[in-house]
Amino acid sequence: MRQKSEWYMPGVYKAGDKLFIDYAGKKLHIIDEQTGEITPVEVFVGTLGASQYTYVEASFSQRIPDFIPFYWAFSSFLGYCEFGTLFIPNFILA
């Protein structure tokens, strides 16, 4: 068992300064009502650093053609994307 650290560094973010984007680790599934076919989907998550306001959407893959529309949808969902806003991805295995 890992020993709990006495030190931690809280993230302090200026509102609208950083947007964190990633795919959730666990896949969800879509079930076709007519055929019963189960299709796994990836879950895209975007979060504002300061408020933790979150956008979530599912896609069939993490490939570029699926990612780019989510990137723009997340920006549109927020209602803005100022120049200088930093998108911070965490796509380690993608």
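Residues numbered from 1 in each chain as written. Predicted model: local features only at pLDDT ≥ 70, side-chain atom pairs only at ≥ 80, totals over all residues. Heavy atoms only, no water.

For the rest of this paragraph, the subject is a nonpolar patch on the surface. On the surface, I64, I68 and W72 cluster together to form a nonpolar patch covering roughly 340 Å² of accessible area. The exposure class assigned to W72 is exposed, which follows from its relative accessible area of 55%. (Patch = residues over 30% accessible without salt bridge, like charges linked within 9 Å, V, L, I, M, F, W, Y side chains within 5 Å. Areas by Shrake-Rupley, 256 points an atom, 1.4 Å probe, with all protein chains shown as cover. Salt bridge = Lys/Arg side-chain N within 4 Å of Asp/Glu carboxyl O. Buried < 20%, exposed > 50% of the residue type's maximum accessible area, 1.4 Å probe, protein only.)

Attention now goes to the environment of F20. Relative to the assigned elements, F20 resides in strand β1 (residues 18-23). Excluding its chain neighbours within four sequence positions, the residues that come into contact with F20 are Y13, V45, G46, T47, G49 and I88. (Helix = DSSP H or I, 4+ residues; strand = E, 2+ residues; numbered from the N terminus. Contact = heavy atoms within 4.5 Å.)

This part takes up the nonpolar core. L19, I21, Y23, F44, L48, Y55, F67, F70, F74, L78 and F87 together form the largest nonpolar core, which totals 11 residues. The set of elements that each furnish at least two residues to this core consists of β1, β3 (38-48) and α1 (64-78). At four residues, α1 tops the list of elements feeding residues into this core. If we ignore the near neighbours within four places in the chain, the residues touching F70 are Y23, F44, Y55, E57, A58 and S59. (Core = buried A, V, L, I, M, F, W, Y, C linked by side-chain atoms within 4.5 Å.)

A few words now on the side chain of S61. Considering the arrangement of structural elements, one finds S61 in the loop between β4 (54-59) and α1. Classification of S61 by relative accessible area gives buried; the value is 16%. Engagement of the side chain of S61 in a polar contact is seen with the backbone nitrogen of R63, the distance being 3.2 Å. Sequence-distant contacts of S61, that is, excluding residues within four places in its chain, are made with Y23, E42 and D66. (Polar contact = N/O pair within 3.5 Å; in protein donor to acceptor, adjacent residues only side chain to side chain.)

Overall, the coordinates contain seven aromatic pairs when judged by the stated rule. Members of the aromatic cluster, joined through ring pairs, are Y23, F44, Y53, Y55, F67, F70, F74 and F77. (Phe/Tyr/Trp six-rings, centres within 6.5 Å; stacked < 30°, edge-to-face > 60°.)

For the chain, per-residue confidence averages 80 on the pLDDT scale, and 79% of positions sit at 70 or higher. The secondary structure element of the chain with the lowest average pLDDT is strand β5 (residues 86-89), at 71, and the one with the highest is strand β2 (residues 28-31), at 94. (pLDDT = per-residue confidence, 0-100.)

Quick look at the environment of F74 now. Topologically, F74 is positioned in helix α1. Here F74 falls in the buried class, since its relative accessible area comes to 0%. F74 sits 53 residues away from I21 along the chain, and the two C-alpha atoms are 9.3 Å apart. Setting aside chain neighbours within four positions, we find F74 in contact with L19, I21, F44, G46, T47, Y55 and F87.

Turning to unusual backbone geometry, a few remarks are in order. Peptide bonds are, in most cases, trans, and in most cases residues other than glycine have a negative phi. Phi at Q52 is positive, roughly 65°, even though this residue is not glycine. With respect to the secondary-structure elements, Q52 resides in the loop between β3 and β4. Judged by relative accessible area, Q52 falls into the exposed class, the value being 60%.

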